[in-house]
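# Coordinates in review
As a plain string of letters, each chain reads:
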Amino acid sequence: MPGIRKNEKIRYRAAGPFFIIQLVKPENLNALEGEDYIYLGELLELADKDPNVYFTVLQSSGRFFSSGADFKGIAKAQGDSSVEYASETSKWLSNFVARNVYVTDAFIKHSKVLICCLNGPAIGMSAALVALCDIVYSMNDKVYLLYPFANLGLVTEGGTTVSLPLKFGINTAYEHLMFNKPFKYDTLCESGFISKNFNMPSPSSETFNTAVLDELRSKVEGLYLPSCLGMKKLLQSNHIDSLNKINSMEVNESLKYWVDGEPLRRFSQLGSKQRKHRL
Ligand code: CO8
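Scope of this entry: the structure provided in the associated data block. (Residues numbered from 1 in each chain as written. Predicted model: local features only at pLDDT ≥ 70, side-chain atom pairs only at ≥ 80, totals over all residues. Heavy atoms only, no water.)

### Some words on the overall build of the chain
The secondary structure content of the chain amounts to 12 helices and 9 strands. Here the C-alpha atoms of the chain give a radius of gyration of 18 Å, agreeing with the 19 Å that 2.2 N^0.38 yields for 279 residues. Along the longest, intermediate and shortest principal axes, the C-alpha atoms of the chain span 55 × 40 × 35 Å. Among the 279 residues that make up the chain, the fraction classed as buried is 52%. Partitioning the contacts of the chain with sequence separation of at least 6, the portion at a separation of at least 24 is 74%. Of the roughly 13,000 Å² of accessible surface on the chain, 55% is carried by carbon and sulfur atoms. Charged side chains of the chain number 31 positive and 29 negative; the gap between the two group centres comes to 3 Å. (Helix = DSSP H or I, 4+ residues; strand = E, 2+ residues; numbered from the N terminus. Rg over C-alpha atoms; globule rule 2.2 N^0.38 Å. Buried < 20%, exposed > 50% of the residue type's maximum accessible area, 1.4 Å probe, protein only. Contact = heavy atoms within 4.5 Å. Areas by Shrake-Rupley, 256 points an atom, 1.4 Å probe, with all protein chains shown as cover. Lys, Arg positive; Asp, Glu negative; His and termini not counted. Charge placed at Lys NZ, Arg CZ, Asp CG, Glu CD.)

Rendered as structure tokens:
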């Protein structure tokens with residue numbers, strides 16, 4: 001398999017029919033900058049192109065799956081004087097729209113079965129990507145998903161306008177989005193979002209990742225794997241048109257908020273701990 005550039009926060013490897021992507025920056029709860037989200041998209045493309053890969057497995061490390069967009073990265077994009085933009089619109093087209101639409105598209109159209117090993121909570125854009133996965137396993141009942149768009153002066157992104165009503169029902173999606181309320185384990189289970197809880201204590205992400213992979217290896221034994229990809233393509237056809245449409249609508253709607261500056265003010269308050277999410 002030909003490799004691509006390296007990223008200190010994200011590792012990848014192929015193991016038989018599995019392409020494994022792991023977030024490895026637990027110190028900042030696996031928060032990701034714009035370039036890291038682009039890298040995730042590139043890795044998905046790599047998995048797509050590899051004929052030996054049938055399943056793309058997302059793993060993480062530490063106590064969070066990912067705390068979403070890195071507020072330090074956003075402050076950097078705002079204060080970066082090394083690039084001269086013609087306007088605020090131009091700046092956020094580069095720093096938000098292009099990146100966001102690219103990684104979301106990579107997840108929407110991914111041809112391999114996407115499996116998420118949820119070792120802990122996921123927030124924001126990262127939680128949006130979790131909601132685009134086909135199968136989710138949880139490490140224990142401490143996991144939750146938070147889409148804090150209303151608290152950050154943003155709107156739904158990463159396909160969540162479609163994926164959340166699809167997976168949880170429209171009224172539940174409204175309640176959680178409008179009032180910045182996490183989707184806790186009970187809701188994730190009742191809705192069938194989580195297929196299996198591995199029930200492991202919190203500081204054991206590595207053991208959990210290994211256990212999921214071992215179980216997957218035994219599950220795929222004897223299967224005709226091209227059938228899995230054929231079924232993925234058919235199941236994907238149920239919603240791919242609405243996801244593609246919403247990906248473009250979401251970023252264009254969001255752009256106004258970035259240009260207006262409210263998300264920047266709120267991210268900066270989050271960074272200085274003046275603002276918190278209600279969990
Ligand atoms: N960015 C940068 N650093 C972070 C982030 C983050 N998102 N989250 C946590 N960290 C860091 C903290 O600063 C802290 O570092 P340090 O030890 O140096 O102070 C360390 O991780 C541990 O965090 P906490 O001490 O805050 O841990 P708690 O358990 O008390 O709280 C929380 C955990 C609730 C997750 C809290 O850290 C938090 O609210 N983080 C921010 C989450 C967030 O709002 N993320 C953004 C979501 S919105 C989004 O993703 C869409 C943006 C669109 C742009 C996409 C571009 C492609």
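### Some points on the packing of helix 1 (residues 34–49) against helix 3 (residues 88–109)
Between helix 1 and helix 3, the shortest axis-to-axis distance is 9 Å and the interhelical angle comes to 30 degrees. When the axis of helix 1 is compared with that of helix 3, the two are roughly parallel. Crossing hand, helix 1 versus helix 3: left-handed. On helix 3, the residues touching Gly34, Glu35, Tyr37, Ile38, Leu40, Gly41, Glu42, Leu44 and Glu45 of helix 1 are Arg99, Tyr102, Val103, Ala106 and Phe107. The residue inventory of the contact of helix 1 with helix 3, partitioned by class, reads 8 nonpolar, 2 polar and 4 charged. (Axes fitted to C-alpha atoms, helices over the stretch in contact; angles between N-to-C directions. Parallel < 35°, antiparallel > 145°, perpendicular 65-115°, else oblique. Left-handed = near helix turned anticlockwise from the far one by under 90°. Nonpolar A, V, L, I, M, F, W, Y, C, P; charged D, E, K, R; others polar.)

### Remarks on the sheet that holds strand 3 (residues 55–59)
The strand order across the open sheet built from 6 strands is 1-2-3-4-6-9, with neighbouring strands paired in mixed fashion. The open sheet has two edge strands with one neighbour each: strand 1 (10–15) and strand 9 (196–197). (Pairing = 2+ DSSP bridges.)

### Some words on the site of the ligand
Inspection of the region around the ligand gives 26 residues, with Arg63, Ser67, Ala69, Met125 and His277 positioned closest. The side chain of Asp70 places a nitrogen or oxygen atom 3.5 Å from a nitrogen atom of the ligand. If the ligand stood free it would expose 1,100 Å²; the protein chains cover 77% of that surface. Because more than half of its atoms lie within 2 Å of the grid, the ligand is assigned to the largest pocket. When grouped by side-chain class, the residues that make up the shell around the ligand number 13 nonpolar, 6 polar and 7 charged. (Near = heavy atom within 4 Å. Polar contact = N/O pair within 3.5 Å; in protein donor to acceptor, adjacent residues only side chain to side chain. 1 Å grid on protein atoms, 1.4 Å probe; cavity = no way out; pocket = protein on both sides within 12 Å on 5 of 7 lines; lining within 4 Å. Sits in = over half its atoms within 2 Å of the grid points.)

### Topic: the layout of surface pockets
Of the pockets and cavities examined, the largest pocket occupies roughly 1,100 Å³. Along the walls of the largest pocket sit 48 residues, with Ser67, Ala69, Asp70, Phe71 and Phe267 positioned nearest its centre. The residue inventory of the lining of the largest pocket, partitioned by class, reads 25 nonpolar, 9 polar and 14 charged. Looking at the second largest pocket, its volume works out to about 610 Å³. Listing elements by their share of the lining of the second largest pocket, those giving two or more residues are helix 3, strand 4 (113–118), strand 6 (135–138), helix 6 (160–168), helix 9 (205–220), helix 10 (225–237) and helix 11 (240–260). It is helix 10 that provides the largest number of residues to the lining of the second largest pocket, a total of 5 residues. Here the lining of the second largest pocket is built from residues that sort into 19 nonpolar, 4 polar and 4 charged. (Points joined across faces, edges and corners; volume = space filled by probe spheres on them.)

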